[in-house]
Amino acid sequence: MQRNSLLAIMLMLAVLPACAQTEALLQRLSPTANPNWQVYRNPALMAQRYPASFSEASVAYHTETSSQAPVAQLGKDRYQGSFQALSYQPLDKHDAVWGNASYRRRHTTDVCWNETADFLKVYPYVTADTVGGKMEQEAYLFNLGYAGNKGKWAYGIEASYSSAMDYRDIDPRPKDNSTQVDFCIGTARQVTNRYQVGGYLHWQHYAQEQNIAFMNPYGTVMLYQMTGLGTHYHRFAGTLGDAYYTGNTWGGGITLHTLQTRGMEIQAGTQHMHLQKQMNNLNNAPVNDIYEWSHNAQIAWHQRDRYISLSAYYTNRTGMERFYDDGVHNYQQIATSKPFKATTLATQLKAAQEWSLNSKWQLALCPSISLLKHDQSYASPQRQLSFTSLIPAVNLQVLHHGRHSIATIQLTDTWTQNMQKQLIINEPELFDKQLATLYNNYHMATACKNTATLCGRYDWLMRHTVSTLFIEARLQYTTWTIGQHRQQLAMAIGVTI
């Protein structure tokens, strides 16, 4: 009798950790149990985000082919392999640590009018030429965070470091080394039995060193310092291929977080970025500056199997150009102007409902509708690009929890309906080389399109150190009403521990 009781206790101890791991996995797979609320930008709220610890490692391969590049400066086709490891570990009832590390190797074809890494971050001040071509990239990311609770107070800290090198081995030969460091601290205090009120501060440092070389003994191609909407800095057109980008972003926000499975989630934040481009060949003289304000907010109500949320995001970017005298060695700044402006407004209303059909099957439906409004302008010569799109979407997920496996299938359909568009190009004769690319980008951004996505994941449950072995696949197909199309395929295999 004692022997049988001891055996039963040993079996229970062996099964309980596996059950906790399975519950943690089910929560991460559920669209309603684990939404990525914006309140988690405050690291102080991470201590009780997941019910159990988990670690996951995976390798993935991703391909993307298009009949025409949606944004020519980002390239046409992509082939990417990656490795990622992530972990979340509660230390006790009040503290938790988390982190992730990843490596990515990417090959991009047909990059046009851009020799600078992180195009969307430094736009419009990129270095460009009429040749372009393929681009290779290697990138690393490391992230680490800690959160704890003491009495009614919660506190957290998170830091990350990323580094990337973009290059090409044929002329023109850019070599762009970029780094980004992020640091965030947050705190929160329990004000009622149900809610915590908190705040967080965020700082980011970004730097990119660019060098463009030519090995062809018969000459080089013209390099242009672009300034937006098909314009460039005429004075510095030529062979200036060395540049340095540097800048900082400061921001913060406030959060309201529920401590129960039912309640409100509210977040509001703002941040300011200043990024400067310096030309190494001009004694490191700064030629361009980017000033950007961005604001974001989200309000949501949720309970265990449903939620509804409203989120908004707004950015206002201003580009400044610096003008210098005719000095040969020491450039003296004589004037500045801010001819480039860009604003983006995005809002989204989203809801989700999950049903447990029985002990094995779960069904979830997530409809959403978004509004996107984007405007760009340049003062002289006068240029303007703007469009407004309405984006309804629906996501359907089916999950089956078997005795030895968990299978998940998601089907998403997104329609982008253009509501308004405008493109004004005055004085095109001043520089007409990039106009064809500008027109193509405009037509792709303003055309209506449909995106269908099919995702599947299968987890084999185990009773050993490895909790699950999983395989994941995603297929996406996009068609534009102007006759263009794009297909993406991603495959991943990994383990959870």
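The text that follows walks through the structure, step by step, so that each part is easy to find. Please read all numbers here as calculations on a predicted model, not as lab measurements. For every chain, the first residue of the written sequence is number 1, and numbering continues from 1 onward in sequence order. Note on the predicted model: pLDDT of at least 70 is required for a residue's local features to be given, and 80 or more for side-chain atom pairs to be given and counted; whole-chain, interface and lining totals, by contrast, use all residues. As a rule here, side-chain values come from all non-hydrogen atoms in the structure, and water together with hydrogens is ignored.

## Thoughts on the overall build of the chain
Working definition: helices are DSSP H or I runs of at least four residues, strands are E runs of at least two. Numbering for both runs from the N terminus. Looking only at helices and strands, one finds three helices and 21 strands in the chain. A globule of 497 residues ought to have a C-alpha radius of gyration of about 23 Å, and the chain, at 26 Å, matches this closely. A principal-axis box enclosing the C-alpha atoms of the chain has dimensions of 95 × 50 × 45 Å. Think of it in three bands: residues with accessible area under 20% of the maximum for their type are buried, residues over 50% are exposed, and the middle band is partly exposed, with areas taken using a 1.4 Å probe on protein chains only. Expressed as a percentage of its 497 residues, the buried residues of the chain come to 46%. Only C-alpha atoms enter the radius of gyration, while the globule expectation follows 2.2 Å times N to the 0.38, with N the number of residues.

## Some thoughts on the sheet that holds strand β4 (residues 127-128)
If DSSP finds at least two bridges between two strands, the strands pair. Spatial strand order, β4-β9-β10: three strands in an open sheet with antiparallel pairing. Of all the strands in the sheet, the pair left with one neighbour each is β4 and β10 (231-232). Relative to β10, strand β9 (residues 224-228) runs antiparallel, the two sharing two bridges. For methionine 226, the partnering residue across the bridge sits in β10 and is histidine 232.

## Focus on the packing of aromatic side chains
Two aromatic rings, taken as a pair, are described by how far apart their centres are and by the angle between their planes. Paired rings are identified among Phe, Tyr and Trp, the last through its six-membered ring, by centres lying within 6.5 Å, and are further divided according to the angle between planes into stacked (under 30 degrees), edge-to-face (over 60) and tilted (the rest). For the coordinates displayed, the defined rule picks out 15 aromatic pairs. Where tyrosine 50 meets tyrosine 88, the ring centres are 4.9 Å apart and the plane angle is 75 degrees; that geometry is what we call edge-to-face. Placement of tyrosine 50 in the loop between α1 (2-29) and β1 (54-66) and of tyrosine 88 in strand β2 (residues 78-90) is noted, with a sequence separation of 38 residues between them. Each member of the pair, tyrosine 50 as well as tyrosine 88, is classed as buried. An aromatic cluster is built from Tyr50, Phe54 and Tyr88, whose rings are joined through pairwise contacts. One Lys or Arg, lysine 121, reaches over the ring of tyrosine 206 and ends 5.3 Å from the middle of that ring. Think of it as a cone above the ring: NZ of Lys or CZ of Arg counts as a charge over the ring if it is within 6 Å of the ring centre and within 35 degrees of the ring normal.

## Regarding the pattern of salt bridges
Any carboxyl oxygen of Asp or Glu that lies within 4 Å of a side-chain nitrogen of Lys or Arg is treated as forming a salt bridge with it. In total, this model carries 15 salt bridges according to the counting rule given. Among the salt bridges present, the one from glutamate 56 reaches arginine 28, with a minimum N-O distance of 3.2 Å. With a gap of 28 residues between them, glutamate 56 in strand β1 and arginine 28 in helix α1 connect regions that are remote in the sequence. For glutamate 56, a relative accessible area of 12% translates into the label buried.

## Regarding helix α3 (residues 435-446)
With twelve residues, α3 should reach 16 Å at 1.5 Å per residue; the first-to-last C-alpha distance of 16 Å fits that figure. The set of residues buried in α3 consists of Leu435, Thr437, Leu438, Asn441, Tyr442, Met444 and Thr446. Multiplying 1.5 Å by the residue count of a helix minus one yields the expected span of that helix.

## Side note on the environment of asparagine 216
Within the secondary structure, asparagine 216 sits in the loop between β8 (195-213) and β9. Take asparagine 216: its relative accessible area is 38%, and that puts it in the partly exposed class. Sequence separation between asparagine 216 and proline 172 is 44 residues; the distance between their C-alpha atoms is 8.9 Å.

## Let's talk about the side chain of glutamine 196
If you trace the backbone, glutamine 196 turns up in strand β8. Judged by its relative accessible area of 8%, glutamine 196 is buried. With residues up to four places along the chain from it excluded, the contact list for glutamine 196 reads Leu45, Asn149, Ala154, Ala188, Arg189, Gln190, Thr255, Leu256, His257 and Leu259. Working rule for contacts: check all heavy atoms of both residues, and any pair within 4.5 Å makes them a contact.

## Here's the deal with the side chain of aspartate 459
Following the sequence through the fold, aspartate 459 ends up in strand β19 (residues 449-461). Accessibility expressed as a relative area gives 0% for aspartate 459, which makes it buried. Looking at aspartate 459, its side chain comes within polar contact range of the side chain of arginine 457, at 2.8 Å. Only 3.4 Å separates the side chain of aspartate 459 from the side chain of threonine 468, close enough to count as a polar contact. The term polar contact refers here to a pair of N or O atoms within 3.5 Å; inside protein, the definition further demands a hydrogen-donor-capable atom paired with an acceptor-capable atom, and it admits residues adjacent in sequence only when both atoms are side-chain atoms.

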